[in-house]
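Per-entry structural report
Below, each chain spelled out in residue letters.
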Amino acid sequence: MARGQGPAAQTGRMSTVADTRFFTRQGPFSGKKLAEVAGGEFIPAGDGSADSREYVGIGPLQSAGLAEVSFLDNRRYASLLDETKAGLVILAPAFAKRVPAHCAAIVSSTPYLAWSRIARVFHPARVARAGVHATAIVGLNSEIDSSCEVGPFVVIGDGVKIGKGTIVSSHTVIGDGVSIGEDCRLGSQVVVSHATLADRVTLFPGAKIGQDGFGFAVGPEGFESVPQLGRVILEHDVEIGANSTIDRGSVQDTVIGAGSRLDNLVQIGHNTRLGKCCIVVSQAGISGSTELGDYVTVAAQAGLIGHIKIGTKARIGAQCGVMSDVEAGADVIGSPAMPFREFFRNVATLRRLSRKPESGGGDAGTEEK
Amino acid sequence: MARGQGPAAQTGRMSTVADTRFFTRQGPFSGKKLAEVAGGEFIPAGDGSADSREYVGIGPLQSAGLAEVSFLDNRRYASLLDETKAGLVILAPAFAKRVPAHCAAIVSSTPYLAWSRIARVFHPARVARAGVHATAIVGLNSEIDSSCEVGPFVVIGDGVKIGKGTIVSSHTVIGDGVSIGEDCRLGSQVVVSHATLADRVTLFPGAKIGQDGFGFAVGPEGFESVPQLGRVILEHDVEIGANSTIDRGSVQDTVIGAGSRLDNLVQIGHNTRLGKCCIVVSQAGISGSTELGDYVTVAAQAGLIGHIKIGTKARIGAQCGVMSDVEAGADVIGSPAMPFREFFRNVATLRRLSRKPESGGGDAGTEEK
Amino acid sequence: MARGQGPAAQTGRMSTVADTRFFTRQGPFSGKKLAEVAGGEFIPAGDGSADSREYVGIGPLQSAGLAEVSFLDNRRYASLLDETKAGLVILAPAFAKRVPAHCAAIVSSTPYLAWSRIARVFHPARVARAGVHATAIVGLNSEIDSSCEVGPFVVIGDGVKIGKGTIVSSHTVIGDGVSIGEDCRLGSQVVVSHATLADRVTLFPGAKIGQDGFGFAVGPEGFESVPQLGRVILEHDVEIGANSTIDRGSVQDTVIGAGSRLDNLVQIGHNTRLGKCCIVVSQAGISGSTELGDYVTVAAQAGLIGHIKIGTKARIGAQCGVMSDVEAGADVIGSPAMPFREFFRNVATLRRLSRKPESGGGDAGTEEK
């Protein structure tokens, strides 16, 4: 009955952000409290009108109302600031003087991070509802902390360990011997086998972790599968996107380094190793036994062949095809991969040469002799 | 026992289409009745033999028998018409005179559509078998129309609404507050959260709709997830392919416009908006906050970066990498995207320049100085 | 309690391969027995020390101990052989003389295959645990051999047949009328409908087989789905990777030939036909009605358009975009596809032409006139 009737609904103007059917909501909070959360500097409204104001939620500059918090992170949206009706705006020091008079501000050198933390205060992440659902199946000798939430139709094998506060959502399958740390979030329809997960690991729905790698030998009567005898190791704070797949190692482990973020539909081959805080965007694939240093970014739909090394902080562009090692800090794109600058120079060269074929590309000139 | 023993099996000659283990079968139907269904013109067989004939199913020109209906849609298969044993053929006016004497015809200016409708009459789509399976779990305050079919091991959250005639197949998960319209078809192992589905929406098996978008800020100790507070809106008649993923918005909604069709393994980022009747072919990906107009086609494995606009009726070729806005009606391909004509001119230029390196590309000529 | 306390744990030095939480372990075995399994020639250790030695497991050259078996398959790792502590090494005849004195050897002309078979002897594949789990749902008139293992929350439709020794893992869905052969392995959360599977077929977790192909006609009010009335035929020994998708045919069948191996996140369109022993690497896609001969390799992220033919033993490179027929035995790469040699010549040409734009690509030279 009362759905959609929370505090936000009572403020008259309200953005469509954080539909109360889907998101919990806390508050209201004062601007000073929010500045504290964000680690930013609180600036009262120029006209003094905001001194006792409290805020009930967040919204974009275009639609937020007086009781809502908005933010400006991107220079090209700066003009929206002049017309916003938001009561509080988070922004970088450079924009502090453009804040309208009715509007309080939180000034931060990292406004996106500040905004993220404030949004989280209004809409906290769901915590585990302790208990194992009556329909879940748990194997022998498994140790599941009593604070965990295990959803309907979950299947947990023998000898599994799951730490405090972890959520395992419906229909997820945890194979024999798997170890999962604290405060992990496993979405629905995940399959995990032959793996260890450290703390605060998130697996989005449909991720498949630990199945056999793609390895076979040519035998007299066709291919023969080579036993895949390694594991998958997901370190602290790793996130794996929806329907992504990570194969276990063949003779060593597949390792995803601490803090790394993998998007949806990503493929990671056997024995592959990612360093700390790598980013792999959707539909990218990394073939077997390739090693990434720390802070490597692999953009969407990029592909890396197997058995190569990618240096720390290298950036692999979208749809890039990487066939050999990439140096630390390098920016590459294209298929085969080359430095960004070279790629775009090639594009320009080819456009130029194609534009006037009649007046002589080099080769055409030769033919006229 | 009686499997495979329906009317079609009794006609002697029978194509392998519509194996009776997998497809229901209705009929037989007269040619006039089928012409009516198809909205085409019925032409009796030249030799008068088909006047009382009835048809039991469909088949390709090569294998259909006298009691079956076939069709010709593609000029390059026209020679098959001369030799077909089919009793009734659907075709465009241009081919009407080539129909063999034993064969009746349905002439239509849209023969593929006509064929589709006739195939559907013989093999109607499955309708909902009203009822919630005993093993399904339904949350509090949910309103599921009594005509719906809810399969085994389905998990439906609190406050969910599902309209008339909708089928929710086994193991599918519907999150709290989700609203689903009438005559929708949700395959097995679908996960839907933070979303509203209009009428006649189809989600194929394994589709994941509404999980968090890929958004994080750089914090002092690694990446911090930015709360994703928007929704996914699937308008009327949308179809989403198997194992595809659609992330919910961060501060606005992810929207798939009415009538759009997404194939398998497609990725749609947060805040992305597709207009009406867009087509996105398998393994294509559209990054966050990009907007597509109506009737846009994105071919297989194409990728679009975030925050760009694609105009109405634009066509993005296979494997295309789109890094900037595309005008309405444009045909682009390549990575980076360029007009089709330019792309193939580039291919030709490069082939020409590479063919005779010894006789002097421009640069080689320079080196000889 | 006794987990991790098997024979390997008692040998002191032990590699991390085949974690006993995840893998069963058999043995120990003598070197001669293993040579027999591998079909290779046994060579005793040069110093005679290995005559009565038995082996408990396998490991890489770097970390294997005296009671473990290792192998050398790749010339560039040959130097590891000199320093290995392994007690037995599998290798090609060319390396037989480099084996350290403490070390026995198995010499084989196919060392990778030999290694695979020996690894399998130590760590045999799991066999079916006969029985249908109490939570599984089985339809009417289904014939499931009593030796099959059917896991928790499996849903099997009406008229399904499953042969001896097949494993159907948790949450998997088998649609009405599906036929599955002997010794198949279906992972968790697989969906199979409108399909027949021969013997020894493996489907990894999340694979979706038999859903509607992507076919629609343009109707007066938008797209209309064309009934998809074919099947999926998976022949003997086919393997399909995690979260891959194979659509059923529209008017003919989608066929995957005997012995073919498809990796994760692969897409196969309707009516597509693969010959015997094809390899399709992860994230590759093959569009509708395309035909592959036998022994075709399609590398990662390659895409093939519909209605083309790929000849026997052709090799399609990674990220290749194939727009037309490919001859038997051809090696192609690039988008659009071209012979390997041509592709890399193009890359070199373009690099050369771009390097010194100031000293005159052909076109620039022309402009100076």
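Residues numbered from 1 in each chain as written. Chains lettered and ligands numbered in written order. Predicted model: local features only at pLDDT ≥ 70, side-chain atom pairs only at ≥ 80, totals over all residues. Heavy atoms only, no water.

1. Remarks on the overall build of chain A
Assigned secondary structure in chain A consists of five helices and 40 strands. Computed over its C-alpha atoms, the radius of gyration of chain A comes to 26 Å, more than 25% above the 21 Å expected for a compact globule of 369 residues. Across its three principal axes, chain A shows a C-alpha extent of roughly 80 × 80 × 35 Å. Buried positions account for 59% of the 369 residues belonging to chain A. Look at the contacts in chain A between residues 6 or more apart in sequence, and 23% of them connect residues 24 or more apart. Only carbon and sulfur atoms are counted for the fraction: they give 52% of the accessible area of chain A, which is about 14,400 Å². In chain A, 36 side chains carry a positive charge and 37 a negative one; their mean positions are 7 Å apart. (Helix = DSSP H or I, 4+ residues; strand = E, 2+ residues; numbered from the N terminus. Rg over C-alpha atoms; globule rule 2.2 N^0.38 Å. Buried < 20%, exposed > 50% of the residue type's maximum accessible area, 1.4 Å probe, protein only. Contact = heavy atoms within 4.5 Å. Areas by Shrake-Rupley, 256 points an atom, 1.4 Å probe, with all protein chains shown as cover. Lys, Arg positive; Asp, Glu negative; His and termini not counted. Charge placed at Lys NZ, Arg CZ, Asp CG, Glu CD.)

2. Thoughts on the relation of the copies chain C and chain B
Rotating chain C by 120° and translating it 0.0 Å along the rotation axis places it on chain B, where the RMSD comes to 0.1 Å. One copy is carried onto the other by what is essentially a three-fold rotation axis. (Least-squares fit on C-alpha atoms with pLDDT ≥ 70 in both.)

3. Points about the environment of Tyr-77 of chain B
Locating Tyr-77 of chain B in the fold gives a position in the loop between strand S5 (68-71) and helix H2 (79-83). Residues Tyr-77 of chain B and Leu-61 of chain B, 16 residues apart in the sequence, show an inter-C-alpha distance of 9.0 Å. When residues no more than four places from it in sequence are discounted, the contact partners of Tyr-77 of chain B are Leu-61 and Leu-72 of chain B together with His-307 of chain C.

4. Some points on helix H1 (residues 31-38) of chain C
Residue and element names in this part refer to chain C. Of all the positions in H1, only Gly-31, Leu-34, Ala-35 and Ala-38 are classed as buried. The buried residues of H1 all sit within an arc of 105° when viewed along its axis, so they share a single face. Among the exposed residues of H1, those pointing more than 90 degrees away from its buried face are Lys-32 and Glu-36. (Arc of directions from axis to C-beta.)

5. Some points on the pairing of strand S7 (residues 104-107) of chain C
All names here are of chain C. Because side chains alternate across S7, one face comprises the buried residues Ala-104 and Ile-106, and the other comprises Ala-105 and Val-107, equally buried. Note that strand S6 (residues 88-91) and S7 share four bridges and pair parallel. Looking at S7, one finds that Leu-91 is bridged to Val-107. (Pairing = 2+ DSSP bridges.)

6. Some remarks on empty space enclosed by the protein
Counted by the stated rule, this structure contains one cavity of 30 Å³ or more. By volume, the largest cavity amounts to about 1,100 Å³. Along the walls of the largest cavity sit 45 residues, with Gly-334 and Ser-335 of chain A, Gly-334 and Ser-335 of chain B together with Ser-335 of chain C positioned nearest its centre. Broken down by secondary-structure element, the contributors of at least two residues to the lining of the largest cavity are helix H4 (340-355) of chain A, helix H4 (340-355) of chain B together with helix H4 (340-355) of chain C. Residue classes in the lining of the largest cavity are distributed as 27 nonpolar, 18 polar and no charged. (1 Å grid on protein atoms, 1.4 Å probe; cavity = no way out; pocket = protein on both sides within 12 Å on 5 of 7 lines; lining within 4 Å. Points joined across faces, edges and corners; volume = space filled by probe spheres on them. Nonpolar A, V, L, I, M, F, W, Y, C, P; charged D, E, K, R; others polar.)

7. Examining the interface of chain A and chain B
Taken residue by residue, the interface counts 63 residues in chain A and 74 residues in chain B. Together, the buried faces of chain A and chain B total about 5,300 Å²; carbon and sulfur atoms form 60% of this surface. For the pair chain A and chain B, the number of links is three salt bridges. The closest approach of N and O atoms between Arg-117 of chain A and Glu-224 of chain B, which form a salt bridge, is 2.3 Å. (Buried area = accessible area lost by both parts, 1.4 Å probe. Salt bridge = Lys/Arg side-chain N within 4 Å of Asp/Glu carboxyl O.)

8. Some words on the interface of chain C and chain B
Contacts between chain C and chain B engage 74 residues on the former and 62 residues on the latter. Between chain C and chain B, the buried area comes to about 5,300 Å², and carbon and sulfur atoms account for 60% of it. For chain C, the biggest contributors to the area lost against chain B are Phe-214, Phe-223 and Leu-229 of chain C; these three give 14% of the whole. Scanning the region where chain C abuts chain B turns up three salt bridges.

9. Quick look at the domain arrangement of chain A
Each assigned domain of chain A is listed with its residue range as follows: domain 1 (20-122) and domain 2 (190-341). Centre-to-centre, using C-alpha coordinates, domain 1 of chain A lies 38 Å away from domain 2 of chain A. (Domains from an automatic or database assignment.)

10. Points about the sheet that holds strand S38 (residues 321-322) of chain A
Here ten strands make up an open sheet; going across it, the order is S9-S12-S15-S18-S21-S26-S29-S32-S35-S38 (chain A) and the pairing parallel. In this open sheet, the two strands that pair with only one neighbour each are strand S9 (137-138) and S38 of chain A.

11. Things to note about the packing of H4 of chain A against H4 of chain B
Remark: H4 of chain A packs on H4 of chain B, axes separated minimally by 9 Å, with the N-to-C direction vectors making an angle of 90°. In terms of orientation, H4 of chain A lies roughly perpendicular with respect to H4 of chain B. Residue-level contacts link Leu-350, Arg-351, Leu-353 and Ser-354 of chain A of H4 of chain A to Glu-342, Arg-345, Asn-346, Thr-349, Leu-350 and Leu-353 of chain B of H4 of chain B. When grouped by side-chain class, the residues that make up the contact of H4 of chain A with H4 of chain B number four nonpolar, three polar and three charged. (Axes fitted to C-alpha atoms, helices over the stretch in contact; angles between N-to-C directions. Parallel < 35°, antiparallel > 145°, perpendicular 65-115°, else oblique.)

12. Some remarks on the packing of aromatic side chains
Any pair of aromatic rings gets described here by the distance separating the centres and the angle formed by the planes. Evaluated as defined, the whole model comprises 24 aromatic pairs over all chains. Each ring, one from Phe-340 of chain B and one from Phe-344 of chain B, has its centre 6.4 Å from the other, and the planes form 50°; the classification is tilted. Of the two residues, Phe-340 of chain B and Phe-344 of chain B are both situated in helix H4; the distance of four residues between them amounts to about one turn of the helix. For Phe-344 of chain B, a relative accessible area of 36% corresponds to the partly exposed category. Plain terms: the ring middles of Phe-71 of chain C and Trp-115 of chain C are 4.6 Å apart, the flat faces sit at 25° to each other, and that makes the pair stacked. (Phe/Tyr/Trp six-rings, centres within 6.5 Å; stacked < 30°, edge-to-face > 60°.)

13. Remarks on unusual backbone geometry
Backbone phi values are negative for most residues with the exception of glycine, while trans is the configuration of most peptide bonds. Cis geometry marks the peptide bond from Gly-27 of chain B to Pro-28 of chain B, where omega comes out at 0°. The topology assignment puts Pro-28 of chain B in the segment before strand S1 (29-30). A cis geometry characterises the amide bond from Ser-335 of chain C onward to Pro-336 of chain C, with omega recorded as 5°. Take Pro-336 of chain C: it is sitting in the loop between strand S39 (331-333) and strand S40 (338-339).

14. Here's the deal with the side chain of Lys-208 of chain C
Within the secondary structure, Lys-208 of chain C sits in strand S21 (residues 208-209). Lacking a salt bridge, the buried Lys-208 of chain C has Asp-247 of chain C as its closest oppositely charged neighbour, with an N-O distance of 12 Å. At 3.1 Å, the side chain of Lys-208 of chain C and the side chain of Gln-189 of chain B are in polar contact. Leave out the neighbours within four places in its chain, and Lys-208 of chain C touches Gln-189, Pro-205, Gly-206, Ala-242 and Asn-243 of chain B together with Gln-189, Val-191, Ser-244, Thr-245 and Ile-246 of chain C. (Polar contact = N/O pair within 3.5 Å; in protein donor to acceptor, adjacent residues only side chain to side chain.)

15. Some thoughts on the environment of Gly-230 of chain B
Along the polypeptide, Gly-230 of chain B turns up in the loop between strand S23 (222-225) and strand S24 (232-234). In this structure Gly-230 of chain B comes out as buried when scored by relative accessible area, which is 1%. The spacing of Gly-230 of chain B and Ala-195 of chain B is 35 residues in sequence and 9.0 Å in space, taken between C-alpha atoms. Once you skip the residues sitting within four places of it in the chain, Gly-230 of chain B turns out to touch Phe-23 of chain A together with His-194, Arg-248, Gly-249, Ser-250, Gln-252 and Asp-253 of chain B.

16. Overview of the side chain of Gln-267 of chain B
Among the structural elements, Gln-267 of chain B can be located in strand S29 (residues 267-268). Its relative accessible area of 3% is what places Gln-267 of chain B among the buried residues. Within the local environment of Gln-267 of chain B, its side chain forms a polar contact with the side chain of Asn-264 of chain A, the two groups lying 2.9 Å apart. With residues near it in sequence (within four places) discarded, Gln-267 of chain B still touches Asp-263, Asn-264, Leu-265, Ser-282 and Gln-283 of chain A together with Thr-245, Asp-247, Ala-284, Gly-285 and Ile-286 of chain B.

17. Here we look at the state of the cysteines
Applying the stated criterion to the full structure yields zero disulfides over all chains. Between Cys-320 of chain C, a free cysteine, and Cys-278 of chain C, which holds the nearest cysteine sulfur, the sulfur-to-sulfur gap is 15 Å. (Disulfide = S-S within 2.5 Å.)

18. Focus: the UniProt feature "active site" (unreviewed entry) in chain A
All names here are of chain A. In this structure's numbering, the residues bearing the UniProt feature "active site" (unreviewed entry) are His-270. Topologically, His-270 is positioned in the loop between strand S29 (267-268) and strand S30 (273-274). His-270 gets classed as buried once you look at its relative accessible area, which sits at 15%. The residues contacting His-270, other than those within four sequence positions of it, are Gly-213, Phe-214, Gly-215, Gln-228, Asp-247, Arg-248, Gly-249, Ser-250, Thr-254, Gly-288 and Ser-289. (UniProt positions renumbered as here; feature names shortened; annotations may be inferred.)

19. Some points on the pattern of salt bridges
Under the definition given, this model contains 36 salt bridges over all chains. Of the charged contacts in the structure, one is a salt bridge between Glu-342 of chain A and Arg-351 of chain C, with a shortest N-O distance of 3.2 Å. A residue pair is termed interchain when its members come from two chains, as with Glu-342 of chain A in helix H4 and Arg-351 of chain C in helix H4. Arg-351 of chain C gets classed as partly exposed once you look at its relative accessible area, which sits at 35%. Linking Glu-291 of chain B and Lys-309 of chain B is a salt bridge whose minimum nitrogen-to-oxygen distance equals 3.6 Å. Highlighted residues: Glu-291 of chain B in strand S33 (residues 291-292) and Lys-309 of chain B in strand S36 (residues 309-310), separated in sequence by 18 residues. For Lys-309 of chain B, a relative accessible area of 48% translates into the label partly exposed. It is possible to trace a salt-bridge network through shared partners that takes in Asp-19 and Arg-21 of chain A together with Arg-231 and Asp-253 of chain B.

20. Details of H4 of chain A
Taking 1.5 Å per residue as the helical rise, H4 of chain A with its 16 residues ought to reach 22 Å, and the 23 Å between its terminal C-alpha atoms agrees with that figure. Of all the residues in H4 of chain A, the buried ones are Glu-342, Phe-343, Asn-346, Val-347, Thr-349, Leu-350, Arg-352, Leu-353 and Ser-354 of chain A. (Expected span 1.5 Å × (residues − 1).)

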